[in-house]
Amino acid sequence: MTQLRNLNRERNEQFTILRRYFSENRVSSGLMGRVWAALQQAMGRSKRRVHENDIQILQLLPWTLKTELQEEVYAPIVTAHPFFAQFSAQYRMQMRKVYQIIDAVSLGIGQELFNFGENSERMYFVLSGYLTYSEDVSRGGLSTPSMVSAGHWLCEPVMWIKWKHTGQLLATTHCEFVALKASKVQEVLLQIISLTPHDAVQQYAKMFARFFKKHQEMLTDIWQDVDLLSEMAFRSFVEEPTEADAKTGQRSSGNAGSAHQAMDRRKSVFGGGRAMTFNDPRTIFAMSRNWAKSMEQFHASA
């Protein structure tokens, strides 16, 4: 509170000095109006949510209480994604580790989050604001920008494959995000893979990579097919693997009513085409040199 009062006092003092400057230099009313408008806009750009890192006193909390707070704040945001919803349901303690590595990101009007061809490092969840995404036209992208807003997630591919941004994302209003750095999330996920021979995380990563190896033209920074991702997550986490699944890296269809019927509609997507080979579970991640090397051809043609 003291810091906020000091900031308000300093701002009011600056406004008072500015008014005096205008008066002493007989600045025209028209120009004064434009200056005030520009300053108000600039101040609006600097507004942002209070981030966890801004509150140093939270570092004094016991670990269990702090992780509980992080879970309550971040779970509704991150588990909107089907993979993280399933992962959280099965591995709650590991999911709490994911919440610990979340970064808060603010973006002012006209600022850029990423651009064509840049190496991607983080997955984002949009909390507020509006952005425009322009896809690289050399990839057959649309000339009309796409609108991105709260509830959208961005750049999921970086979690599973080596990824370069396929477009430019610009803020048209002040925007807030939470971000997951892929390399840190992968460290948490690898702890699960090392403990379970038929891990759901590995299955999901294989399905994701296999699908977009076959349908490269579909994948962009803002791609978000909730139905398809839900099917991938269901097949990875809910269905029981068979012996054949253990060898092929795929899961059986089994008997689970309408959910399985929906998955059968995409049977050719998951079952057909050239499957990727994984000699070591760690190679499903971009952090693995072998996996990155195996995906070079994918990115070269993407």
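Check the entry above for the structure.
Residues numbered from 1 in each chain as written. Predicted model: local features only at pLDDT ≥ 70, side-chain atom pairs only at ≥ 80, totals over all residues. Heavy atoms only, no water.

Trainee: Help me understand the packing of helix α4 (residues 82-90) against helix α5 (residues 92-100), please; the structure alone is not making it clear to me.
Mentor: A pair of packed helices is captured by two measures, namely the crossing angle of their axes and the spacing between those axes. For the pair α4 and α5, interaxial distance at closest approach is 5 Å and the crossing angle is 125°. In terms of their interaxial angle, α4 and α5 are classed as oblique. Packed against α4, whose contacting residues are Phe-84, Phe-87, Ser-88 and Gln-90, the element α5 presents Arg-92, Gln-94, Met-95 and Tyr-99 at the interface. Its residues assigned to classes, the contact of α4 with α5 comprises four nonpolar, three polar and one charged. (Axes fitted to C-alpha atoms, helices over the stretch in contact; angles between N-to-C directions. Helix = DSSP H or I, 4+ residues; strand = E, 2+ residues; numbered from the N terminus. Parallel < 35°, antiparallel > 145°, perpendicular 65-115°, else oblique. Contact = heavy atoms within 4.5 Å. Nonpolar A, V, L, I, M, F, W, Y, C, P; charged D, E, K, R; others polar.)

Trainee: How should I be thinking about the pairing of strand β8 (residues 175-181) in this particular structure?
Mentor: The side chains of a regular strand alternate, first on one face of the sheet and then on the other. Judged by how many residues are buried, β8 sits mostly within the fold: six of seven residues are covered. Of the pairings in the sheet, the one linking strand β1 (residues 102-107) to β8 comprises six bridges and is antiparallel in character. When the sheet's bridge partners are listed, Ile-102 is paired in β8 with Leu-180. (Buried < 20%, exposed > 50% of the residue type's maximum accessible area, 1.4 Å probe, protein only. Pairing = 2+ DSSP bridges.)

Trainee: Could you clarify how one ought to interpret the pairing of strand β7 (residues 167-171) in this entry?
Mentor: In terms of burial, β7 is a largely internal element, four of the five residues being buried. In the sheet, strand β2 (residues 112-114) pairs with β7 via two bridges, with the strands oriented antiparallel. Counterpart to Glu-112 in the pairing with β7 is Leu-170. Alignment of strand β4 (residues 130-135) against β7, held across five bridges, turns out to be antiparallel.

Trainee: Please explain the pattern of salt bridges as it appears in this structure.
Mentor: Pairs can form between side chains of opposite charge whenever their charged atoms are close. Summed over the entire model, instances satisfying the criterion amount to four salt bridges. One salt bridge in this structure joins Glu-24 and Arg-20, with 2.8 Å as the shortest N-O distance. Within this pair, Glu-24 and its partner Arg-20 are both found in helix α1 (residues 2-24), separated by four residues, close to a single helical turn. The residues Glu-24 and Arg-20 share a single accessibility class, namely exposed. Taking the shortest distance from any N to any O, the salt bridge between Asp-103 and Arg-122 comes out at 3.4 Å. Taken as a pair, Asp-103 in strand β1 and Arg-122 in strand β3 (residues 122-128) lie far apart in primary sequence, 19 residues in all. Exposure remark for Asp-103: the relative accessible area of 25% places this residue in the partly exposed category. The class of Arg-122 is partly exposed, set by a relative accessible area of 24%. One network of salt bridges, in which partners are shared, links Glu-71, Arg-92 and Arg-96. (Salt bridge = Lys/Arg side-chain N within 4 Å of Asp/Glu carboxyl O.)

Trainee: Please explain the nonpolar core as it appears in this structure.
Mentor: One recurring pattern in soluble globular proteins is that nonpolar side chains are buried together. Ranked by size, the top nonpolar core spans 46 residues in total, and within it Phe-83, Phe-87, Phe-125, Trp-160, Leu-180 and Phe-208 carry the most contacts. Only α3 (63-78), α4, α5, β3, β8, α6 (182-193), α7 (200-214) and α8 (226-237) provide two or more residues apiece to this core. Of the residues forming this core, the biggest block, nine residues, is contributed by α7. Counting 17 residues, the second largest nonpolar core, distinct from the first, contains Tyr-124, Leu-131, Leu-154 and Cys-175. (Core = buried A, V, L, I, M, F, W, Y, C linked by side-chain atoms within 4.5 Å.)

Trainee: In this structure, what is going on with the sheet that holds strand β6 (residues 153-154)? I would like to understand it.
Mentor: Within a beta sheet, neighbouring strands are joined by backbone hydrogen bonds and run either parallel or antiparallel to one another. One open sheet accounts for four strands, arranged β1-β8-β3-β6; its pairing is antiparallel. Pairing within the sheet leaves two strands with one partner each, and these edge strands are β1 and β6. Contacts from α6 reach β3 and β8 within the one sheet, and its direction differs from that of β8 by about 45°.

Trainee: Explain α5 here, please?
Mentor: The α-helix winds at 3.6 residues per turn, so residues separated by three or four positions along the chain end up facing the same way. Of the positions making up α5, those classed as buried are Gln-94, Met-95, Arg-96, Val-98 and Tyr-99. Contacts from the buried residues of α5 go to α3, α4, β1, β8 and α6.

Trainee: What's the story with the packing of aromatic side chains in this structure? I'm lost.
Mentor: What characterises a pair of aromatic rings is the spacing of the ring centres plus the angle enclosed by the ring planes. Tallying each qualifying case throughout the model produces 18 aromatic pairs. Ring centres of Trp-160 and Tyr-204 lie 5.2 Å apart, and the angle between their planes is 65°; this geometry places the pair in the edge-to-face category. Of this pair, Trp-160 sits in the loop between β6 and β7 while Tyr-204 sits in helix α7, and the two are 44 residues apart along the sequence. Residue Trp-160 is classed as buried on the basis of its relative accessible area, which comes to 1%. Ring centres 4.7 Å apart and planes at 90° place the aromatic pair Phe-211 and Phe-212 in the edge-to-face group. (Phe/Tyr/Trp six-rings, centres within 6.5 Å; stacked < 30°, edge-to-face > 60°.)

Trainee: Can you walk me through the packing of α5 against α6 in this structure?
Mentor: Axis separation between α5 and α6 bottoms out at 9 Å; the angle between their running directions is 165°. With respect to α6, the element α5 is oriented roughly antiparallel. Remark: the crossing between α5 and α6 carries right-handed chirality. Between α5, through Gln-94, Lys-97 and Val-98, and α6, the contact on the second element is made entirely by Val-188, Gln-191 and Ile-192. Split by residue class, the contact of α5 with α6 holds three nonpolar, two polar and one charged. (Left-handed = near helix turned anticlockwise from the far one by under 90°.)

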